[in-house]
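Structural overview for review
Here's the letter readout for the chains.
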Amino acid sequence: MEKVLNIKKETVQPKQRKIVSKLFWQGSPYDIVFDAEQIQEKLKRTDLPCYVMKDFRGRIGVANGGALVAEGRGLEVLAMTPPMKPEQLGDASFRADYNLKYCYKTGAMANGIASEALVIAIGKAGFLGSFGAAGLVPKRVEQAIDTIQANLPTQSYAFNLIHSPNEPALEFGAVDLFLKKGVHVVEASAFLALSENIVWYRVAGLSQDAEGNIVTQNKVIAKISRSEVATPFLKPAPDDFLKSLLEKGRITPLQAQLAKQVPMADDITCEADSGGHTDNRALTALLPSIIRLRDKMQSEYQFKKPVRVGAAGGISTPESALAAFSMGAAYVVTGSVNQACVEAGTSEHVRQLLQTVASTDVIMAPASDMFEMGVELQVLKRGTMFGPRAKKLYDYYSRYQSIDDIPADEREKLEKQIFRQSLEAVWQGCIEFFQERDPAQIEHAKGNPKRKMALIFRWYLGLSSNWANAGTEDRKLDYQIWCGPSMGAFNDWVIGTDLEPYQNRKVAVVAERIMQDAAVLWRLNALKMQGVNLARV
Ligand SMILES: Cc1cc2nc3c(=O)[nH]c(=O)nc-3n(C[C@H](O)[C@H](O)[C@H](O)COP(=O)(O)O)c2cc1C
């Protein structure tokens, strides 16, 4: 037997294969179109291949059907692209896990700007929406959970779990509520490190199925903009939190055991230069680094299911979505563009303003929630004075130890121009506000004038976004409108289309259009790389 095999090896020659350098198209002449608009229609049939040929008169034509042959009669094929449906963009497991049509998610927008209506509309269309729970009292969040659960009985949805280092009671309350109400997907954001609350949410959802596989019922989509923040989400939950949660009876010993075999997050969203909180990173620099970090952690931990990496920040057009997918993003997340949509929980004035902005009409300004730490977020510059006014407040906070240190004339100006009342009156307002929300805040400020000053200044920073959402007439110049450069890019893209007027902007239509056109663009790019540059219509 050995001998026979040896003889065969020596005598059998590999079959000669002819390399095909040219392909010819055969089919009905009615299948080929030559007109730019008709060519675009062929490219838009993303479920079919596209063949580009030159006919006998030298015209460039495109067909979706027909047959290709290596030899014989027919039109020479200059370039071709396979089908590329929008469904194919991104990671199929993201679609499967969240039961989605496309790998597309809308990000949370605080104070219910990412409203129930927005999450329901996007969920019904087969995308994943995240409710803007940040800044809302638990009662309001609970209402939103009830409404969304009643309207999306089988579809997916997420709630934002925002890290609140200044108001830990809020973060605890949110997790408690999500667990009680069966919210199974959270978009975790603003975490500088893991907290016991997020570990609790993740681990309290762990169980084993009949085959012994780990089931992660509570999904975490962590939004990050730097690798040191991403790292703990790419690892299992830390032992000290597990120990503490076990002692408090919040997780079972089995859950603590299972927690060592799964990462803290199912998905990591890389947030580049965006509206709201942002590190202003370039997606092209951030995403590849985070994907490499994920690969490194995966090879170290060998999780059964690797963490997926998605992209956010600057995505509002087919080009930006395709760029993210081309870099390996498992899914894309949009934000700013959704605020201009009819379902967003904001005012008509804001929507109208957003329709007019260019990508340069944005500015960084102090953030209310992390004001004392000097954290900034990205807001609209056009049509509002919020940016410069908020910066002025941070400047006072940095220079003085107490509101009483502010020189009288400057204090008077502040009271007149920004607060429209005395700082002491604002302080009374703060006391009333925190009574319901987090009374410990007032306790901490007693005997700590700098903290009191921070709370007073945060009154303006907090209310200014409420004024924008509510459309408060006499506060238009103080509107705080979180917005990134992607808003302007979207406005440029939709000029002259039905989406130019903000009244026509619906979140699901915007999502569908971005994804459909990204797939078409993929095909145009594929043809371009083969030497055929078809015009975009
Ligand atoms: C008005 C507004 C409010 C936002 N609020 C939150 C928030 O509360 N929590 C959060 O995780 N992200 C928040 N974001 C970020 C978005 O979820 C999303 O990640 C980001 O906007 C994507 O970048 P883009 O603005 O360039 O589209 C907010 C963004 C905007 C525009």
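Thresholds, definitions, all that
Residues numbered from 1 in each chain as written. Predicted model: local features only at pLDDT ≥ 70, side-chain atom pairs only at ≥ 80, totals over all residues. Helix = DSSP H or I, 4+ residues; strand = E, 2+ residues; numbered from the N terminus. Buried ≥ 20, exposed ≤ 12 C-beta atoms within 10 Å, placed from the backbone. Pairing = 2+ DSSP bridges. Domains from an automatic or database assignment. Contact = placed C-beta atoms within 7 Å. Nonpolar A, V, L, I, M, F, W, Y, C, P; charged D, E, K, R; others polar. Near = placed C-beta within 6 Å. Core = buried A, V, L, I, M, F, W, Y, C linked by C-beta atoms within 7 Å. Axes fitted to C-alpha atoms, helices over the stretch in contact; angles between N-to-C directions. Parallel < 35°, antiparallel > 145°, perpendicular 65-115°, else oblique. pLDDT = per-residue confidence, 0-100. Left-handed = near helix turned anticlockwise from the far one by under 90°.

1. Focus on the overall build of the protein chain
Assigned secondary structure in the protein chain consists of 21 helices and 18 strands. With the principal axes as the frame, the protein chain shows a C-alpha extent of 95 × 60 × 45 Å. Of all 537 residues assigned to the protein chain, the portion counted as buried reaches 46%.

2. Digging into the pairing of strand β3 (residues 60–63)
A regular strand places its side chains on the two faces of the sheet in alternate fashion. Judged from the 4 bridges that link them, strand β2 (residues 50–54) and β3 form a sheet pairing that is antiparallel. Bridge pairing in β3 places Y51 opposite A63. Taking the residues between adjacent antiparallel strands as the criterion, β2 and β3 are bridged by 5 residues, where G58 takes a positive phi near 85 degrees.

3. Concerning the domain arrangement of the protein chain
Domain assignment breaks the protein chain into domain 1 (2–83), domain 2 (87–346) and domain 3 (357–480). Taking only C-alpha atoms, the centre of domain 2 and the centre of domain 3 are 29 Å apart. Domain 2 puts 15 residues into the contact, and the matching count from domain 3 is 13 residues. Elements supplying a minimum of two residues to the side of domain 2 that touches domain 3: α6 (168–181) and β14 (276–277). By residue class, the composition of the side of domain 2 that touches domain 3 is 4 nonpolar, 10 polar and 1 charged.

4. What to know about the site of the ligand
Around the ligand, the surrounding shell holds 31 residues, and the nearest of these are G107, S189, S274, G275 and G335. Elements that contribute at least two residues to the shell around the ligand include exactly β8 (158–162), β9 (185–189), β16 (332–334) and α13 (336–339). In terms of residue count, α13 provides more of the shell around the ligand than any other element does, 3 residues in total. Residue classes in the shell around the ligand are distributed as 12 nonpolar, 16 polar and 3 charged.

5. Here's the deal with the nonpolar core
Ranked by internal contacts, the top residues of the largest apolar core, which has 155 residues, are V186, I268, C270, A311, A324 and V332. With 12 residues, the top contributor of residues to this core is helix α21 (residues 507–528). Discounting residues that sit within four places of it in the chain, V186 has contacts with A158, F159, L161, F178, Y201 and V220.

6. Things to note about the packing of helix α17 (residues 423–437) against helix α19 (residues 449–470)
Relative placement of two packed helices is described by the angle separating their axes and the distance separating the axes. Close contact between α17 and α19 brings their axes to 9 Å; oriented N to C, the two are set at 85 degrees. By the criterion of interaxial angle, the relationship of α17 to α19 is roughly perpendicular. Taken together, the residues of α19 that come into contact with α17 (itself represented by L423, V426, W427, G429 and C430) are K452, L455, I456 and W459. Broken down by class, the residue content of the contact of α17 with α19 amounts to 7 nonpolar, 1 polar and 1 charged.

7. Here's the deal with the confidence of the model for the protein chain
The predicted model of the protein chain averages 94 in pLDDT, with 97% of residues at 70 or higher. This stretch, residues 1–5, has a pLDDT under 50; its non-local contacts, to residues over four places away or in other chains, come to 0 contacts.

8. What about the sheet that holds strand β1 (residues 24–26)?
Taken in spatial order, the 5 strands line up as β3-β2-β5-β1-β4 in an open sheet, and their pairing is antiparallel. With partners counted over all chains shown, the strands left at the sheet margins are β3 and β4 (67–69), one partner each. Shown here is a sheet whose adjacent strand axes are inclined to one another by a mean of 45 degrees, direction ignored. With 3 bridges joining them, β1 and β4 adopt antiparallel strand pairing. Looking across to β4, one finds that Q26 is bridged to A67. Against the sheet, α21 engages β2 and β5 (75–81), with an angle of about 130 degrees to β5.

9. Considering the packing of helix α4 (residues 116–124) against helix α5 (residues 138–151)
Here α4 crosses α5 at 20 degrees, and the two axes come no closer than 10 Å. Taken as axis vectors, α4 and α5 run roughly parallel relative to one another. Crossing handedness for the pair α4 and α5: right-handed. The residues of α5 that touch α4, namely those facing E116, V119 and I120, are A144, T147, I148 and N151. Residues belonging to the contact of α4 with α5 are distributed by class as follows: 4 nonpolar, 2 polar and 1 charged.

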